[in-house]
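Take a look at the letters that make up each chain.
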Amino acid sequence: MAVMPMDMWVDREVEMKRLREAMRARQSRLIWGPADAGKTALMRKVCADLAPPAPGAYVYLCGGGTLHGLLCDLASKLFEAGDPFLRQKMLADGDEQEAGRWLRKQTSLRLRGILFSALRKGRYWIILDHAPP
């Protein structure tokens, strides 16, 4: 990972404070701007500065590709974080040890339902970077 210049954070304290407050209040925020404006670096800095309430609470996704790919990436991250609801679904399907194989078998519709339930029951902050148009 590249080292960010120290002056990158000059005059961005207000932005970082607003993001931290929004994340603590579990509010959504859209951060947009031109390429190389420092949006990703800003989010990574804010996430690093916040103490997560639990391991795996911040889920960072790069949103390129298809909807099914994005859903699989999110499910995979929740599996890595030890999400009990997701693991219960995998266990019920008989694939509790092989997340990749289980994910490939799921339709987008089923994954959306499972993820909706898992995210409602869990306490996660989802950071979606580079969302497709």
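Reading the values: rules and limits
Along each chain, the written sequence defines residue order, and numbers are assigned to residues from 1. Note on the predicted model: pLDDT of at least 70 is required for a residue's local features to be given, and 80 or more for side-chain atom pairs to be given and counted; whole-chain, interface and lining totals, by contrast, use all residues. Processing note: side-chain calculations cover all non-hydrogen atoms of the structure and skip hydrogens and water entirely. Exposure is judged per residue with a 1.4 Å probe applied to protein chains only, and the accessible area is read against the type maximum: over 50% gives exposed, under 20% gives buried, and values in between give partly exposed. Strands here are runs of E lasting at least two residues and helices are runs of H or I lasting at least four, both read from the DSSP assignment and numbered beginning at the N terminus. DSSP bridges decide pairing: two strands pair if at least two such bridges lie between them. Only four residue types enter the tally: Lys and Arg on the positive side, Asp and Glu on the negative side, with His and both chain ends excluded. Basic side-chain nitrogens of Lys or Arg form a salt bridge, by our definition, when they fall within 4 Å of a carboxyl oxygen of Asp or Glu. N or O atoms closer than or at 3.5 Å make up a polar contact, with two conditions inside protein: a donor-capable atom paired with an acceptor-capable one, and, for residues adjacent in sequence, both atoms drawn from side chains. Residue contacts follow a heavy-atom distance rule, with two residues in contact if any of their heavy atoms lie within 4.5 Å. All axes here are fitted lines through C-alpha atoms, helices being fitted over the stretch that makes contact, and every angle between N-to-C directions spans 0 to 180 degrees. Put simply, a crossing is left-handed when the front helix is turned counterclockwise from the back one by less than a right angle, and right-handed when it is turned clockwise. Under the scheme applied here, ten amino acids are nonpolar (Ala, Val, Leu, Ile, Met, Phe, Trp, Tyr, Cys and Pro), four are charged (Asp, Glu, Lys and Arg), and all others, including Gly, are polar.

1. Structural notes on the pairing of strand 1 (residues 58-62)
- Side chains Val-59 and Leu-61 of strand 1 all project onto a buried face; the interleaved residues Tyr-58, Tyr-60 and Cys-62 project onto a face where none is buried.
- Strand direction decides the pairing type here: strand 1 and strand 2 (residues 125-129), joined by 5 bridges, are parallel. Opposite Val-59, over in strand 2, you have Ile-126 as the bridge partner.

2. Some words on the side chain of Asp-83
- Position of Asp-83 relative to the elements: it lies in the loop between helix 3 (67-80) and helix 4 (84-92).
- Buried charge without a salt bridge: Asp-83, with Arg-87 as the nearest opposite-charge side chain at an N-O distance of 7.5 Å.
- Of the polar contacts made by the side chain of Asp-83, one reaches the backbone nitrogen of Leu-86; its length is 2.8 Å.
- Apart from the residues lying within four places of it in its own chain, the contact partners of Asp-83 are Leu-78, Ala-118 and Tyr-124.

3. Details of the pattern of salt bridges
- Going through the model one piece at a time under the given rule, you end up with 3 salt bridges.
- A salt bridge links Arg-110 to Asp-93, with the shortest nitrogen-to-oxygen separation between them at 2.9 Å. Of this pair, Arg-110 sits in helix 6 (residues 108-121) while Asp-93 sits in the loop between helix 4 and helix 5 (99-105), and the two are 17 residues apart along the sequence.

4. A few points about the packing of helix 3 against helix 6
- It is the contact of helix 3 with helix 6, at a shortest axis distance of 10 Å, that shows an interaxial angle of 35°. Helix-helix and strand crossings are classified by hand; for helix 3 and helix 6 the assignment is left-handed. Residues Leu-67, His-68, Leu-71, Cys-72, Leu-74, Ala-75 and Leu-78 of helix 3 touch helix 6, and the partners they reach there are Ser-108, Leu-111, Arg-112, Leu-115, Ala-118 and Leu-119.
- Across the contact of helix 3 with helix 6, the residue classes tally to 10 nonpolar, 2 polar and 1 charged.

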